[in-house]
Every structure is written in C-alpha cells, then in structure tokens.
Amino acid sequence: MEIIEVHGPELAPYIDGLGQLRIAVFREYPYLYDGSLEYERDYLKTYLDSPRSLVALVLDESKVVGATTCMPMAEEGPEFQEAFTKAGYDLSTICYFGESILLPEYRGRGLGKEFLTRREAHAQKLGSTITTFCAVDRPADHPRRPADYVPLDGLWTKQGYTKHPELQATFVWKEIDEAVESPKTLTFWLKHWS
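Residues numbered from 1 in each chain as written. Predicted model: local features only at pLDDT ≥ 70, side-chain atom pairs only at ≥ 80, totals over all residues. Heavy atoms only, no water.

A. Local environment of the packing of aromatic side chains. This model, assessed by the stated rule, comprises 15 aromatic pairs. Relative to Trp-173, the ring of Tyr-31 has its centre 5.9 Å away and its plane inclined at 40 degrees; by these criteria the two rings are tilted. In this pair, Tyr-31 is assigned in the loop between α1 (15-26) and α2 (37-48) and Trp-173 in strand β6 (residues 162-173), connecting sequence segments 142 residues apart. Residue Tyr-31 is classed as buried on the basis of its relative accessible area, which comes to 18%. (Phe/Tyr/Trp six-rings, centres within 6.5 Å; stacked < 30°, edge-to-face > 60°. Helix = DSSP H or I, 4+ residues; strand = E, 2+ residues; numbered from the N terminus. Buried < 20%, exposed > 50% of the residue type's maximum accessible area, 1.4 Å probe, protein only.)

So this is what it looks like as structure tokens:
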C-alpha cells in the first residue's frame with residue numbers, strides 16, 4: 001500500500017479508479033449516492049483542470065482504495081463558492097477540502113489523519129488562511145441511518161473545525177431509493193489559520 005500525490009492533469013490515469021471509489025463509499029449513509037462513472041468523470045474534471053489541486057491517492061498495488069482532495073476555492077464550481085461570496089469572504093484566501101474516502105477494509109489505520117495533514121499542508125503552501133469542507137445534513141431519525149452510525153462532528157471539532165450553519169450549499173444527486181435526482185443541503189465547516 002502506498003500514498004501518492006498528484007496535481008491537475010497528473011490525475012488523468014486515476015480518474016476511473018477514483019470515480020469507482022467515490023461511487024462505492026458515497027453509496028453508504030449519510031450520502032446514499034447512486035452514482036455513475038460518467039458523472040464522476042465530469043465531476044473530477046475540476047481537479048484535472050486545476051494545477052493547484054491536490055489529490056492524494058491510496059493505492060493497493062494499482063487499485064485506488066482511498067483518496068482525499070483539495071483545491072483553491074477560487075477554482076471550484078459556483079455551487080461551492082456561492083455561500084462564501086454572499087457572506088463576503090475573499091475566495092482567494094480559502095482552500096476547499098473535497099472528499100476523504102476509504103474502502104471499509106482500509107479504515108482504522110490512521111489514514112484519515114494522514115489525509116487531513118496532507119490537505120492542510122497543501123493549503124498552507126497555497127497561502128490559504130481558511131480551510132473548509134462541507135457535509136450533508138441528515139435528520140437524526142433518517143430511515144437509512146444505521147443504528148451504530150457515529151457522525152464525524154466530534155472528530156472535526158477536535159481537528160479545529162467549526163460548523164457554520166449560515167454557510168450552506170445545495171447539491172443535486174440521485175439517492176439509492178430515488179427514481180430521479182433531488183436537492184440536498186450541505187453545511188460548511190471552517191478552520192481559520194493565522
């Protein structure tokens with residue numbers, strides 16, 4: 001098993017592997033994403049087009065089994081930027097953290113912390129003073145919530161992130177129980193760097 005870092009177009013050989021990983025992991029609660037490789041290729045094009053992006057991939061032999069992503073918020077899509085623009089933030093100061101995902105059998109090995117360390121180091125290289133990510137909002141009584149589900153809020157708080165309910169985004173995707181796509185609300189978490 002190894003972790004490699006790629007930027008911009010260096011991601012190209014790994015697009016399908018990363019797309020398949022995203023489909024598998026985000027199918028789980030709380031995202032319940034019913035994805036397609038075609039959609040993934042389109043979504044991941046943003047990282048290909050940004051030479052200042054970072055994608056750290058966990059490879060087991062040649063298979064992508066984990067990944068974490070980040071890029072300057074100024075290079076993200078408008079759906080990510082909108083809440084910050086409306087709130088008066090300078091997008092050039094923000095690094096957006098995308099996914100941190102691992103197949104279940106690779107969890108519990110410290111890779112989540114390693115992912116955060118790599119993303120924060122990249123954000124500092126970019127000169128960012130704010131790092132942020134967003135997470136889907138689900139009610140505590142959601143019918144698909146597993147009985148043993150533990151939200152990651154405590155972990156994120158320990159790492160210095162604060163939830164900002166005033167900063168939200170709406171994204172559309174098809175859930176595993178849905179016939180068509182529907183909008184979902186996601187809330188941003190922020191960490192300020194001095």
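B. How the structure looks around the pairing of strand β5 (residues 130-136). Judged by how many residues are buried, β5 sits mostly within the fold: 7 of 7 residues are covered. Neither face of β5 is open: one carries Ile-130, Thr-132, Cys-134 and Val-136, the other Thr-131, Phe-133 and Ala-135, and all of them are buried. Bridge count for strand β4 (residues 94-102) against β5 is 3 bridges, and the pairing is parallel. For Ile-94, the partnering residue across the bridge sits in β5 and is Ile-130. Note that the unit made of β4, helix α4 (residues 111-126) and β5 has a crossover that is right-handed. Where β5 meets strand β7 (residues 182-192), 7 bridges bridge the pair, whose relative direction is antiparallel. For Thr-132, the partnering residue across the bridge sits in β7 and is Leu-190. (Pairing = 2+ DSSP bridges. Right-handed = clockwise from strand over helix to strand, strands pointing away.)

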